[in-house]
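What follows is each chain in one-letter form.
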Amino acid sequence: MNREKSFNNNQNDVCTLNDWITLHNSVDEKREIFFNMDRSLKYIHEHDFCVRTFFKNDFNDMPIYNITVLNNDPSYVKFESIMPLPKDIVKKEQMKREDILVSSLIQVCSYVGIPLNRLNLQFLKDNFDSFSQFLPSDDVPYYRGIIVRGSSVYYCEYMKEKSNHNLEKLDSGLQENDGSGKGKSLIKMSNNRIDLENVNDLKNSQIYRKDIGISDGAFINYLLLPTILIFCILAISMFIWIVSLF
């Protein structure tokens, strides 16, 4: 089945995050699923929801079986148990921060190879350097910031910024010198990067539309407007690229 064709919430096409990681356990595959997991987390936060099962005094009752992969597609990650965030701004931000922390702990435990319910958070903080050898080297600063320093940044945002930074470095390194001392960029659209996060938001709106109460009319608008926006950005960027060739 072509996984890009359609969204299917059939229970036969659902597996737990734990099972998915067992079958797709390379570093690249884990980074992909964690990237999309955090995008899903960011989406529910933006709609004033949080993960119900993340709020425990310890990790014994917090299995990752409540996170599922739908449609046999790592870009469809769902938190099965969510609840509304409180109105109080301070408490709301605290609960978002806790969600991000637990999400990062799930990721670290996957790399280290220990169950979440066996994790001692204080021991991890005190000995983070010892654990870091099991983590992807590019992601160590992120996990250190979240777990040791108490930062509150989504993994997907970290990855996006890192990717943008690498693109800028690549663009800088691929300069043609036309003899006038001025370089012409080989990556014409690097300064007009297209943010395709709306594409993933469309998938998350399909996943959570019933859970967060998106009406059919709102859902159609949510699908249509970002699609038009992305098309316009692509058209403008292509026009700028063509003009720059002359």
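No experiment lies behind these values; they were computed from the predicted model shown.

Caption draft 1: Region of interest: the overall build of the chain. Across its full length, the chain carries nine helices and seven strands. Looking at the chain as a whole, 41% of its 246 residues qualify as buried. Accessible area for the chain stands at about 14,100 Å²; split by element, carbon and sulfur atoms hold 53% of it.

Caption draft 2: Highlighting the side chain of Asp38. Mapped onto the elements, Asp38 comes out in helix α2 (residues 27–46). Buried charged residue Asp38 carries no salt bridge. Nearest counter-charge: Arg39, at 9.6 Å. Only 2.6 Å separates the side chain of Asp38 from the side chain of Ser103, close enough to count as a polar contact. Other than its neighbours up to four places away in sequence, Asp38 contacts Ser103, Gln107, Tyr142, Tyr154, Tyr155 and Cys156.

Caption draft 3: Local environment of the packing of α2 against helix α3 (residues 89–112). Orientation of α2 relative to α3, taken along the N-to-C sense of each, is 170°, at an axis distance of 11 Å. With respect to each other, α2 and α3 are oriented roughly antiparallel. Between α2 and α3 lies a crossing whose hand is right-handed. Facing Val27, Lys30, Arg31, Phe34, Met37, Asp38, Leu41 and His45 of α2, the residues of α3 in contact are Lys96, Asp99, Ile100, Ser103, Gln107, Ser110 and Tyr111.

Caption draft 4: Up close: the packing of α3 against helix α6 (residues 140–148). Two elements in contact, α3 and α6, have axes whose closest approach is 10 Å; the angle formed by their N-to-C orientations is 130°. Accordingly, the angle class assigned to the pair α3 and α6 is oblique. When you trace α3 past α6, the crossing you get is left-handed. Contacts between α3 and α6 pair Ile100, Leu101, Ser104, Leu105, Gln107, Val108 and Tyr111 from the former with Tyr142, Tyr143, Ile146 and Ile147 from the latter. Taken together, the residues that form the contact of α3 with α6 break down as nine nonpolar, two polar and no charged.

Caption draft 5: Broad picture of the packing of aromatic side chains. According to the stated counting rule, one finds seven aromatic pairs in the structure shown. On the basis of an interplanar angle of 75° and a centroid distance of 5.8 Å, the ring pair of Phe34 and Tyr111 is categorised as edge-to-face. Note that Phe34 is positioned in helix α2 and Tyr111 in helix α3, a separation of 77 residues in sequence. Consider the rings of Tyr142 and Tyr143, whose centres lie 5.3 Å apart with planes at 70°: the pair is edge-to-face. Here Tyr142 matches Tyr143 in class, with each residue buried. Here a set of aromatic residues connected by ring pairs shows up, and it is made of Tyr142, Tyr143, Tyr155 and Tyr158.

Caption draft 6: Representation of the environment of Ile106 within the structure. Looking at the secondary structure, you find Ile106 in helix α3. When its relative accessible area of 4% is taken as the criterion, Ile106 is described as buried. Once the C-alpha coordinates of Ile106 and Leu119 are considered, the two residues, 13 residues apart in sequence, prove to be 9.8 Å apart.

Caption draft 7: Spotlight on the pattern of salt bridges. Enumeration according to the criterion identifies eight salt bridges in this entry. For the salt bridge of Asp48 with Lys92, the shortest nitrogen-to-oxygen distance reads 3.3 Å. Pair noted here: Asp48 is in the loop between α2 and β2 (49–51) and Lys92 is in helix α3, with a separation of 44 residues, a long-range link. On the basis of relative accessibility, which here comes to 38%, the residue Asp48 falls in the partly exposed class. Of the charged contacts in the structure, one is a salt bridge between Asp129 and Arg144, with a shortest N-O distance of 2.9 Å. One end of the pair, Asp129, is in helix α5 (residues 128–132); the other, Arg144, is in helix α6, and 15 residues separate them in sequence. The exposure class assigned to Asp129 is exposed, which follows from its relative accessible area of 53%. Of the residues examined, Arg144 reaches a relative accessible area of 24% and is grouped as partly exposed. A single salt-bridge network, built from bridges that share partners, covers Lys42, Glu46, Glu157 and Lys160.

Caption draft 8: Region of interest: α2. Helix length check: α2, at 20 residues, gives a terminal C-alpha distance of 28 Å against a target of 28 Å (1.5 Å per residue), a fit within 8%. Within α2, 15 of the 20 residues are buried, which leaves it mostly tucked inside the rest of the structure. In the segment just after α2, Asp48 is the residue with positive phi, at about 60°.

Criteria and cut-off values
Every chain is numbered on its own, with residues counted from 1 as its sequence reads. Local features in this predicted model are restricted to residues whose pLDDT is 70 or higher, and side-chain atom pairs enter the listing and the counts only when it is 80 or higher, whereas totals over whole chains, interfaces and linings include all residues. Note that water and hydrogens are dropped before the side-chain values are worked out from all heavy atoms of the structure. Each helix corresponds to a stretch of at least 4 residues labelled H or I by DSSP, and each strand to a stretch of at least 2 residues labelled E; elements are numbered beginning at the N terminus. For every residue, the accessible area (1.4 Å probe, protein chains only) is compared with the maximum for its type, and the residue is labelled buried under 20%, exposed over 50%, or partly exposed between those bounds. Methods summary: accessible areas were calculated by the Shrake-Rupley approach with a probe of 1.4 Å, and residue burial reflects only the protein chains presented. In this charge count, Lys and Arg are treated as positive and Asp and Glu as negative; neither His nor the chain ends contribute. Just to be clear on terms, a salt bridge is a Lys or Arg side-chain nitrogen sitting within 4 Å of an Asp or Glu carboxyl oxygen. Polar contacts, as counted here, are pairs of nitrogen or oxygen atoms within 3.5 Å of one another; within protein the pair requires one atom able to donate a hydrogen and one able to accept it, and residues that are adjacent in sequence qualify only if both atoms are side-chain atoms. In this description, contact between two residues means that some pair of their heavy atoms is separated by no more than 4.5 Å. Helix axes are fitted only over the stretch in contact, all axes being lines through C-alpha atoms; the angle between N-to-C directions runs from 0 to 180 degrees. By the definition adopted for this analysis, an angle is roughly parallel if under 35 degrees, roughly antiparallel if over 145, roughly perpendicular if from 65 to 115, and oblique otherwise. In this scheme, a crossing is called left-handed if the near helix is turned counterclockwise away from the far one by less than a right angle; it is called right-handed if the turn is clockwise. Under the grouping applied here, Gly and all other residues not named as nonpolar or charged are polar, the nonpolar ones being Ala, Val, Leu, Ile, Met, Phe, Trp, Tyr, Cys and Pro and the charged ones Asp, Glu, Lys and Arg. Under the pairing criterion, centres of Phe, Tyr and Trp rings, with the six-membered ring standing for Trp, must be within 6.5 Å; the plane angle then separates stacked pairs below 30 degrees from edge-to-face pairs above 60, leaving the rest tilted. Multiplying one less than the number of residues by 1.5 Å gives the expected span of a helix.

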